[in-house]
Amino acid sequence: MKVTFVIIDDNKEIEEHPLLFTLEDKFKNVKFYSNPQEGLEYIKNNLDINLIVLLDIEFSKDDKLDGHDLLKEIHNSSTLIPVILWSGINQTNEEFSDFINNRAFGFLSKDCSLEEAMLIVNKAFNNLKNSLDNTIEDWIISNESDKDKPIYFTSSGESYTLNEILKEIRLQTPIGKEFSSKLNSLTIDLLLRKRENL
């Protein structure tokens, strides 16, 4: 599975952090943004690919957005993106509850060990890898001839191919959300009726 890591941190020295070199070695695609608005725009423009975000919490006073604002914006754009908070500051309980409510995937201290950091990074990667959209993408890769077959029909008569459904899910459109919900319900129904074995 291909994944792009998006690092948003206004401290450019962080580009020399051992974690970033490890991510580049292991996953190849790493984008660094010192401007939080530019990082957010990249994320919003690339919702159709696998993204994992490492997000600083505090930015300079010149920046309009802080980590809380960015996390909320990312979550509102897509609930599929794991966002790992990566900071050198300690947060109050109230601030942490805000991060939890906006579904931060995890928290890393900038002075944690590389091993500790990679534990959370690998958890985020595996979470993404096992998601519905990546299961569909794996199917398309191994069954190329299926990607353009219509598989989903709406009540208004629109049809969607497997490839189109994948994009709808990743963009978190109403069609993508509806398909995901119905597929999950169908899977549970089949399991309970013992029609399928996993």
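Higher on the page you've got the structure.
Residues numbered from 1 in each chain as written. Predicted model: local features only at pLDDT ≥ 70, side-chain atom pairs only at ≥ 80, totals over all residues. Heavy atoms only, no water.

### So, the side chain of Thr173
- Mapped onto the elements of the fold, Thr173 is located in the loop between helix H7 (162-170) and helix H8 (174-192).
- Judged by its relative accessible area of 19%, Thr173 is buried.
- At 2.5 Å, the side chain of Thr173 forms a polar contact with the side chain of Glu168. (Helix = DSSP H or I, 4+ residues; strand = E, 2+ residues; numbered from the N terminus. Buried < 20%, exposed > 50% of the residue type's maximum accessible area, 1.4 Å probe, protein only. Polar contact = N/O pair within 3.5 Å; in protein donor to acceptor, adjacent residues only side chain to side chain.)

### Brief notes about the pattern of salt bridges
- Summed over all chains, the structure comprises eight salt bridges.
- A salt bridge links Glu137 to Arg170; the nearest nitrogen and oxygen atoms lie 3.2 Å apart. One end of the pair, Glu137, is in helix H6 (residues 132-142); the other, Arg170, is in helix H7, with 33 residues separating them in the sequence.
- Judged by relative accessible area, Glu137 falls into the partly exposed class, the value being 21%.
- One salt bridge in this structure joins Lys149 and Asp146, with 2.9 Å as the shortest N-O distance.
- A single salt-bridge network, built from bridges that share partners, covers Asp9, Asp56 and Lys110. (Salt bridge = Lys/Arg side-chain N within 4 Å of Asp/Glu carboxyl O.)

### Quick word on the environment of Ile14
- Here Ile14 shows up in the loop between strand S1 (4-8) and helix H1 (18-27).
- Separated by 20 residues in the primary sequence, Ile14 and Ser34 place their C-alpha atoms 9.5 Å from one another.
- Once you skip the residues sitting within four places of it in the chain, Ile14 turns out to touch Asp9, Leu20, Phe32, Trp86 and Lys110. (Contact = heavy atoms within 4.5 Å.)

### Examining the sheet that holds strand S3 (residues 51-55)
- Here we have five strands laid out as an open sheet, ordered S2-S1-S3-S4-S5, and parallel in their pairing. At either end of the open sheet lies a strand with only one pairing partner, and these are strand S2 (29-33) and strand S5 (106-109). Each adjacent strand pair in this sheet contributes to an overall mean axis angle of 20°, direction not counted.
- Bridge count between S3 and strand S4 (residues 83-87): three bridges; the pairing is parallel. Directly across from Leu54, in S4, lies its bridge partner Ile84. (Pairing = 2+ DSSP bridges. Axes fitted to C-alpha atoms, helices over the stretch in contact; angles between N-to-C directions.)

### Things to note about the nonpolar core
- In terms of nonpolar packing, the biggest core is built from 22 residues, with Phe5, Ile7 and Leu23 touching the most fellow members.
- Elements with a contribution of two residues or more to this core: S1, H1, S2, S3, S4 and helix H5 (114-129).
- In contact with Ile7, other than residues within four places in its own chain, are Leu20, Leu23, Val30, Lys31, Phe32, Tyr33, Leu54 and Trp86. (Core = buried A, V, L, I, M, F, W, Y, C linked by side-chain atoms within 4.5 Å.)

### As for the pairing of strand S6 (residues 150-153)
- Direction of pairing for S6 relative to strand S7 (residues 159-161): antiparallel, over a ladder of three bridges. Counterpart to Pro150 in the pairing with S7 is Thr161.

### Remarks on the packing of aromatic side chains
- The tally for this structure, following the rule as stated, stands at four aromatic pairs.
- Centroid distance Phe27 to Phe125: 5.1 Å. Interplanar angle 45°. Geometry classified as tilted. With a gap of 98 residues between them, Phe27 in helix H1 and Phe125 in helix H5 connect regions that are remote in the sequence. This pair shows no difference in class: Phe27 is buried, exactly as Phe125 is.
- For the ring pair Tyr152 and Phe179, a centre distance of 5.2 Å and an interplane angle of 85° mean the geometry is edge-to-face. Here Phe179 lies in helix H8 and Tyr152 lies in strand S6, a separation of 27 residues in the sequence.
- Through successive ring pairs, a cluster of aromatic residues spans Phe5, Phe27 and Phe125.
- The ring of Trp86 has Lys110 sitting right over it, with the charged end atom 5.8 Å from the ring centre. (Phe/Tyr/Trp six-rings, centres within 6.5 Å; stacked < 30°, edge-to-face > 60°. Lys NZ or Arg CZ within 6 Å of the ring centre and 35° of its normal.)

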